[in-house]
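# Observations on the three-dimensional arrangement
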Amino acid sequence: DRFSLDVMTGGVDEAIDRLVEQRRTFDVVTMVHTFEHLTQPVRILSRLRSVLKPGGLLALNVPNVRYFLVPVDRLLGTNAAGLWDSVSHFSYFSWRSLSLACERAGFEVVARDTRLLVSGRPGAIGWLDDGLSWMCRLLGGRGSNIAVVA
């Protein structure tokens, strides 16, 4: 009430159904660490187009299957990268596969980036994080997260 937010609970399909029924559209739809939990991600992306205004943007952020710690995890049988959640992660994405999913759903990718999850913190730690994120991009998209705007 304090912030006048209209909060919906339930699954993504149900939320889209309610928004379509209410004829509500948005300039931007964001999905932050949600997309990898969907059993049919391309179908959901296609449905999201119906709640975007013409020229609206979709912003996605997902874990990166090409994160530079993933080979270490595979070698040691660990989960240091925090990616291997077999209970709730149904899909794993790289830059390429996330871009393809967007395109299959009728979106055009207009921007993408990869960084470490902790980037953007202030001070020396932030400087180190930003430097490592820059290195991850230099290594071909090896940061812990992928961000796509379509």
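Above this note sits the structure.
About the thresholds
- Residues numbered from 1 in each chain as written.
- Predicted model: local features only at pLDDT ≥ 70, side-chain atom pairs only at ≥ 80, totals over all residues.
- Heavy atoms only, no water.
- Pairing = 2+ DSSP bridges.
- Helix = DSSP H or I, 4+ residues; strand = E, 2+ residues; numbered from the N terminus.
- Right-handed = clockwise from strand over helix to strand, strands pointing away.
- Salt bridge = Lys/Arg side-chain N within 4 Å of Asp/Glu carboxyl O.
- Buried < 20%, exposed > 50% of the residue type's maximum accessible area, 1.4 Å probe, protein only.

### Notes on the pairing of strand 2 (residues 52-63)
Summarising the sheet, strand 1 (residues 26-32) and strand 2 pair through six bridges and their orientation is parallel. For Val28, the partnering residue across the bridge sits in strand 2 and is Leu57. Handedness of the strand 1-helix 2 (residues 41-48)-strand 2 crossover: right-handed.

### Observations concerning the pattern of salt bridges
Counted according to the given criterion, the structure contains four salt bridges. Where Arg43 meets Asp13, a salt bridge forms, and the shortest distance between an N and an O atom there is 2.6 Å. One end of the pair, Arg43, is in helix 2; the other, Asp13, is in helix 1 (residues 12-21), with 30 residues separating them in the sequence. For Asp13, a relative accessible area of 23% translates into the label partly exposed. Arg47 is paired through a salt bridge with Asp13; the nearest N and O atoms lie 2.6 Å apart. Of this pair, Arg47 sits in helix 2 while Asp13 sits in helix 1; the two residues are 34 residues apart in sequence, bridging distant segments of the chain. It is possible to trace a salt-bridge network through shared partners that takes in Asp13, Asp17, Arg43 and Arg47.

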